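# Structure assessment
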Amino acid sequence: MMSFNFDEKIDRRKTHSVKWSGGENELPMWVADMDFAVAPAIQNVLEKRVSQRIFGYNIIPETWNESYVNWWETRHNLPLQKEWILFCAGVIPAISSVVRKMTMPGDNVVVLTPVYNIFYNSIVNNQRHVLASPLTYQEENYTIDFADLAEKLARPETTLMIFCNPHNPIGHIWDSATLKKVGDLCLKNHVLLLSDEIHCDLAHLGKSYTPMLSVSEEIAQNTIMCVSPTKTFNLAGLQTSAIIIPNEKIRARVNRGINTDEVAEPNSFAIQAAMAAFNEGGPWLDELTVYLENNKNLLKKTLTEKIPEIKIIPADATYLAWLDCSAITSHTEKLCAILLEKTGLRLAAGSVYEGNGAKFIRWNYACPQSDLKDGLDRFITGVKIFKDQLA
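As a convention, each chain's residues are numbered from 1 in the sequence order in which they are written. Side-chain atom pairs in this predicted model are given and counted only at pLDDT of 80 or more, local residue features only at pLDDT of at least 70, and totals for whole chains, interfaces and linings cover all residues. Think of the side-chain values as coming from all heavy atoms in the structure, minus any hydrogens and water.

## Some details on the pattern of salt bridges
Charged atoms that come close allow side chains of opposite charge to pair. Convention followed: Definition used for salt bridges: Asp or Glu carboxyl oxygen within 4 Å of a side-chain nitrogen of Lys or Arg. A run of H or I in DSSP becomes a helix once it reaches four residues, and a run of E becomes a strand once it reaches two; helices and strands are each numbered from the N terminus. Each residue is assigned to one of three classes by its accessible area relative to the maximum for its type, calculated with a 1.4 Å probe on protein chains only: buried under 20%, partly exposed between the two thresholds, exposed over 50%.
Using the criterion set out here, one finds 21 salt bridges in the structure. As a salt-bridge pair, glutamate 26 and arginine 346 come within 3.7 Å of each other at their nearest N and O atoms. One end of the pair, glutamate 26, is in the segment before β1 (27-28); the other, arginine 346, is in strand β13 (residues 345-346), and 320 residues separate them in sequence. Residue class for arginine 346 comes out partly exposed when judged on its relative accessible area of 27%. With a closest N to O distance of 3.0 Å, aspartate 374 and arginine 378 form a salt bridge.

Structural data, given as structure tokens:
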């Protein structure tokens, strides 16, 4: 029996929620935040902070660094030093700052596609070039095309690679051998490696993640790791994250960059929420992992039985299902539009992630199971309408 109630339905409409800003009939399962109440330990510490009634400027106490150190050593067997850890107001602000301050306008930034769409914004909006290395897709499995990656990292204009582990949207955890190949290629070509590991604590049951910093000392000295409790503990609106950099010289430059970009100061809830998550949130996360596994299995079972043409790509982490719809369409934007118009179900069309994403849909199943069942009913109805229109 679970100690935490993940079946509870919380009305998020009219709360200025991005996810729930649509019409009354809309059921949103697109953007990556969860529809579960946060861990009680987090709510308690935030309520205590609110009761103080003054919300001025904030410092970053050493205990915040220690909470990261303890969590990564306990959960991921990765020893960190407190001084390696910098506060930043979100992983994307951190990535954008690194792009601005560690590369030059016109430089190439390599990404493995399909990948989280906001990476492209962080690159293009700062006048750098996206250099895509498409993942190879065969038999419902993604792998890195190392010949293509090596060629693109070797280009003289390439100065940064943005890596994603676990990889969003495909949900894949890269193994140690793959991480070493990527890290060694970056070293060989003098390319700085930025590893976004925000989804690392959302590994599925029986799966484990390997941090890029653990692969080798040489790779660690060329790596900037971005992490946060926001995806795992549903705290995205609190703008709290960490940049972990073992290399002192790189760390000094990044620290200067996030300060001149004004993204290095915490709001009045960012520090307390992160510390409560990492210091007291373990039991909640363990139960969440089981609940999400049950939701994933329900999603897979239902689609296999009702719409077998649509395949769920095997995943190791995240609460985001990546659905191969290529048997019914080569471009899912129209399918998603019909789902929204005819049933109210809002899913994410995969084209924004580029690569081969146009044939895919991303589905966030981190919600009470009753909502997931509702979403599945709507999906079955919407797909039938879509297929009838094609006939």
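## So, empty space enclosed by the protein
Operational definition: Using a grid of 1 Å spacing that covers the protein atoms alone, one calls a set of points a cavity when a 1.4 Å probe fits there but cannot get out, and a pocket when the set is open and has protein on both sides within 12 Å along at least five of seven lines; lining residues are those with an atom within 4 Å of a point. Grid points are joined across faces, edges and corners, and a volume is the space filled by probe spheres set on the points. Residue polarity is assigned by list, with Asp, Glu, Lys and Arg as charged and Ala, Val, Leu, Ile, Met, Phe, Trp, Tyr, Cys and Pro as nonpolar; anything else, Gly included, falls into the polar class.
This model, assessed by the stated rule, comprises one cavity of 30 Å³ or more. Looking at the largest cavity, its volume works out to about 70 Å³. In terms of lining, the largest cavity is formed by Leu202, Ala203, His204, Leu205, Thr289, Leu292, Glu293, Thr318 and Tyr365. Counted by class, the lining of the largest cavity contains five nonpolar, three polar and one charged residues.

## What to know about the nonpolar core
Let me state the cut-off plainly: For our purposes a nonpolar core is just a set of buried Ala, Val, Leu, Ile, Met, Phe, Trp, Tyr and Cys residues, chained together by side-chain atoms within 4.5 Å.
With 76 residues, the main nonpolar core has Trp72, Leu323, Trp363 and Phe379 as its most contacted residues. The element contributing the most residues to this core is helix α10 (residues 270-280), with eight residues. If you look at the next biggest cluster of nonpolar residues, it comprises 29 residues, including Leu160, Ile198, Ile224 and Ile245.

## Thoughts on the packing of aromatic side chains
Note the following rule: Two rings from Phe, Tyr or Trp (for Trp, the six-membered ring) form a pair when their centres sit within 6.5 Å of each other. Planes less than 30 degrees apart are called stacked, planes more than 60 degrees apart edge-to-face, and all others tilted. As a reminder, the over-ring test applies to NZ of lysine and CZ of arginine, requiring each to be within 6 Å of the ring centre and within 35 degrees of the ring normal.
All chains considered together, the criterion is met by 22 aromatic pairs. When the centroid spacing of 5.7 Å and the interplanar angle of 25° are considered together, the rings of phenylalanine 233 and tryptophan 284 count as stacked. In this pair, phenylalanine 233 is assigned in helix α8 (residues 230-233) and tryptophan 284 in helix α11 (residues 282-306), connecting sequence segments 51 residues apart. Accessibility classification places phenylalanine 233 together with tryptophan 284 in one group, the buried group. By the ring-pair criterion, three or more aromatic residues cluster together here, those being Phe6, Phe36, Trp64, Tyr68, Trp71, Trp72, Phe87, Phe233, Phe278, Trp284 and Tyr291. Between the NZ or CZ atom of lysine 181 and the centre of the ring of phenylalanine 146, over which it lies, the distance is 5.0 Å.

## Some words on the pairing of strand β3 (residues 108-113)
Successive residues of a regular strand alternate their side chains across the two faces of the sheet. Note the threshold: Here, a strand pair is defined by DSSP locating no fewer than two bridges between the strands.
Of all the six residues making up β3, six are buried; the element is thus mostly covered by neighbouring parts of the structure. Of the two faces of β3, the one carrying Asn108, Val110 and Leu112 and the one carrying Val109, Val111 and Thr113 are both buried. One ladder, built from six bridges, connects β3 with strand β4 (residues 129-134); its direction is parallel. Note on β4: the bridge partner recorded for threonine 113 is proline 134. Relative to strand β7 (residues 158-164), β3 runs parallel, the two being bridged by three bridges. Along β7, the bridge assignment pairs asparagine 108 with threonine 158.

## Observations regarding the state of the cysteines
Cut-off, in case you're wondering: Our working definition of a disulfide is a cysteine sulfur pair at a distance within 2.5 Å.
In the structure shown here, the tally under the stated rule is zero disulfides. This cysteine, cysteine 336, is not joined by any disulfide, and cysteine 325 carries the nearest cysteine sulfur, 7.4 Å off.

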